[in-house]
Amino acid sequence: MGKSILILGACGQIGTELTLELRQKYGADAVVASDIREGSSSLMESGPFELLDATNYAAIEDVVMYYEIEEVYLMAAMLSATSEKFPLRAWNLNMNSLFNVLNLGKEKQIDKIFWPSSIAIFGPNTPKENTPQHTLTEPSTVYGISKLSGERWCEYYHKKFDVDVRSIRYPGLISWKTDPGGGTTDYAVEIFHEALTTGKYTCFLAADTFLPMMFMDDAIRATISLMEKESNALTVRSSYNLAAMSFSPRQLAQSIQGYLPNFEIRYEPDFRQQIADSWPSSIDDSLARSDWGWIPNYDLDSTTKTMLDNLKKE
Ligand code: SER
């Protein structure tokens, strides 16, 4: 048998597509999906599934031993907008789940870990354009604080305990298979659903709010290629900057109008505007490119086209 993989948080926006892709690649039985709830039928029917709480160390350890798991992808987290409403719950979920997995690595029960970080680790004092890998961070959101702390712990466990943990600072992710939930970049997914159903969208961010974004296929490909790279090629053990495109709600609306000319957008910024304003507009990902050969495939127009084509079929 090849390697054996466990996905924690497999039913979420990233976890669903990551699980399906890893099953394609390594075989259905090699990839155990887990979450605190059941997921989409395509996920549930494609391979093994365990109900599992990522904050419960003993329960994860049982599953790791039972399936002889070698690699863990920890995709369970509370995102930025929800975390502002439930700060302590966000901190507990985001940090305890990470410690659980890092400690399994420290105990040598698993060989390799993937943990996602985010552009949310940056804050209002960070350079906004082409934000470098190493720069002032000072996140001002609960979610960003948890992700930056997580990055520091990943690097620490790598240095002190030789834990092979790898991470990407994902930009906003756009996908059609599973909806995001509780994020600030979620507008860039909601807008497609509304464009196709009602022809109108009221955006919770202002028209000219530029944020780094990526189509899900690119994010999944980046994740798997980072995980497949030989360990000694990686120079970053906190988390890699990663970029594909950068756009504003106005530009996304114009791109959609290229296919649906009657689509209308209005802007009613809410508390999420402040979160978005604290994040970079664009990201310098040159280390991901030089260390493990990262190149994005999707730009704004190909993302719009792929989203509309697939959602129409649904
Ligand atoms: N896209 C996420 C959010 O908006 C950030 O990682 O919360």
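To keep things clear, this report deals only with the structure shown in the data block. (Residues numbered from 1 in each chain as written. Predicted model: local features only at pLDDT ≥ 70, side-chain atom pairs only at ≥ 80, totals over all residues. Heavy atoms only, no water.)

1. Focus: the sheet that holds strand S2 (residues 31-35)
Consideration 1: If you walk across this open sheet you meet the 7 strands as S3-S2-S1-S4-S5-S6-S10, and the pairing is parallel. Each of the sheet's edge strands pairs with one partner strand only, and the pair in question is strand S3 (49-51) and strand S10 (240-241).
Consideration 2: Contacting strand S1 (5-8), S2, strand S4 (71-74) and strand S6 (165-170), helix H1 (residues 13-26) runs over the sheet at an angle of about 165° to S2.
Consideration 3: Across the sheet, helix H8 (residues 216-228) lies against S4, strand S5 (112-118), S6 and S10, angled at about 155° from S6, the strand it touches most. (Pairing = 2+ DSSP bridges. Helix = DSSP H or I, 4+ residues; strand = E, 2+ residues; numbered from the N terminus. Contact = heavy atoms within 4.5 Å. Axes fitted to C-alpha atoms, helices over the stretch in contact; angles between N-to-C directions.)

2. Things to note about the nonpolar core
Consideration 1: Counting 38 residues, the largest nonpolar core has Ile174, Tyr187, Phe192, Phe247 and Leu252 as the members making the most contacts within it.
Consideration 2: For this core, the secondary-structure elements that each account for two or more residues are helix H6 (142-161), helix H7 (187-197), strand S8 (200-203), strand S9 (211-215), strand S11 (245-247), helix H9 (249-257), helix H10 (272-277) and helix H12 (300-313).
Consideration 3: Tallying contributions element by element places H7 first for this core, with 6 residues.
Consideration 4: Leucine 252 has contacts with Tyr187, Ala188, Ile191, Phe192, Phe247, Leu300 and Thr304, leaving out every residue within four places of it along the chain.
Consideration 5: Counting residues in each nonpolar core, the second largest holds 33 residues, with Leu18, Tyr73, Ile168 and Leu234 among its members. (Core = buried A, V, L, I, M, F, W, Y, C linked by side-chain atoms within 4.5 Å. Buried < 20%, exposed > 50% of the residue type's maximum accessible area, 1.4 Å probe, protein only.)

3. Some details on the packing of aromatic side chains
Consideration 1: Counted by the stated rule, this structure contains 13 aromatic pairs.
Consideration 2: A centroid spacing of 6.4 Å and a plane angle of 90° characterise the contact between tyrosine 187 and phenylalanine 204, whose relative ring orientation is edge-to-face. Here tyrosine 187, found in helix H7, pairs with phenylalanine 204, found in the loop between S8 and S9; they are 17 residues apart in sequence, far enough to count as distant. Across the pair, exposure class does not vary: tyrosine 187 and phenylalanine 204 are buried alike. (Phe/Tyr/Trp six-rings, centres within 6.5 Å; stacked < 30°, edge-to-face > 60°.)

4. So, the sheet that holds strand S7 (residues 172-174)
Consideration 1: With mixed pairing, the 3 strands of this open sheet are ordered in space as S7-S9-S11. In this open sheet, the two strands that pair with only one neighbour each are S7 and S11. Strand-to-strand twist in this sheet, taken as the mean axis angle between neighbours without regard to direction, amounts to 45°.
Consideration 2: Across 3 bridges, the pairing between S9 and S11 is antiparallel. Pairing of leucine 211 across the sheet is with phenylalanine 247, part of S11.
Consideration 3: Relative to S7, H7 is tilted by about 25°, and along the sheet it contacts S7, S9 and S11.

5. Re the packing of H9 against H12
Consideration 1: One can describe the packing of H9 onto H12 by two numbers: an axis separation of 10 Å at closest approach and a directional angle of 55°. For the element pair H9 / H12, the angle class is oblique. Once H9 is placed against H12, the crossing between them reads as right-handed. Taken together, the residues of H12 that come into contact with H9 (itself represented by Gln251, Leu252, Ser255 and Ile256) are Leu300, Asp301 and Thr304.
Consideration 2: Across the contact of H9 with H12, the residue classes break down as 3 nonpolar, 3 polar and 1 charged. (Parallel < 35°, antiparallel > 145°, perpendicular 65-115°, else oblique. Left-handed = near helix turned anticlockwise from the far one by under 90°. Nonpolar A, V, L, I, M, F, W, Y, C, P; charged D, E, K, R; others polar.)

6. Here's the deal with the packing of H7 against H9
Consideration 1: At a minimum axis separation of 11 Å, H7 and H9 run at an interaxial angle of 30°. Put simply, H7 runs roughly parallel to H9. Crossing of H7 against H9: the hand is right-handed. Taking contact as the criterion, the partners of Tyr187, Ala188, Ile191, Phe192 and Ala195 in H7 are, on H9, Pro249, Leu252, Ala253 and Ile256.
Consideration 2: Looking at the contact of H7 with H9, its residues break down into 9 nonpolar, no polar and no charged.

7. Things to note about the site of the ligand
Consideration 1: In the neighbourhood of the ligand, the contacting residues comprise Leu79, Ser80, Ser118, Tyr143, Gly183, Thr184, Thr185 and Trp279.
Consideration 2: At 2.7 Å, a side-chain N or O of serine 118 approaches an oxygen atom of the ligand.
Consideration 3: Between the ligand and the protein, one listed contact pairs an oxygen atom with a backbone N or O atom of threonine 184 at 2.6 Å.
Consideration 4: The fraction of the free accessible surface of the ligand (230 Å²) that becomes covered by protein chains is 92%.
Consideration 5: For the shell around the ligand, the per-class residue count stands at 3 nonpolar, 5 polar and no charged. (Near = heavy atom within 4 Å. Polar contact = N/O pair within 3.5 Å; in protein donor to acceptor, adjacent residues only side chain to side chain. Areas by Shrake-Rupley, 256 points an atom, 1.4 Å probe, with all protein chains shown as cover.)

8. Some details on a nonpolar patch on the surface
Consideration 1: Residues Leu88, Trp91 and Ile145 make up a contiguous nonpolar surface patch of about 300 Å² in total accessible area.
Consideration 2: Note on placement: tryptophan 91 falls in helix H5 (residues 87-106). (Patch = residues over 30% accessible without salt bridge, like charges linked within 9 Å, V, L, I, M, F, W, Y side chains within 5 Å. Salt bridge = Lys/Arg side-chain N within 4 Å of Asp/Glu carboxyl O.)

9. Details of unusual backbone geometry
Consideration 1: Of note in this structure, lysine 108 is not a glycine but carries a positive phi near 60°.
Consideration 2: Note that lysine 108 resides in the loop between H5 and S5.
Consideration 3: Even without a glycine there, the phi angle at asparagine 130 is positive, about 50°.
Consideration 4: Mapped onto the elements, asparagine 130 comes out in the loop between S5 and H6.

10. Focus on the side chain of arginine 169
Consideration 1: With respect to the element layout, arginine 169 can be found in strand S6.
Consideration 2: Looking at arginine 169, the relative accessible area reads 5%, which means it is buried.
Consideration 3: Looking at arginine 169, its side chain comes within polar contact range of the side chain of glutamate 151, at 2.8 Å.
Consideration 4: If sequence neighbours within four positions are ignored, arginine 169 has contacts with Ser117, Ser118, Ile119, Ile121, Phe122, Gln133, Glu151, Ser238, Ser239, Tyr240, Asn241 and Leu242.

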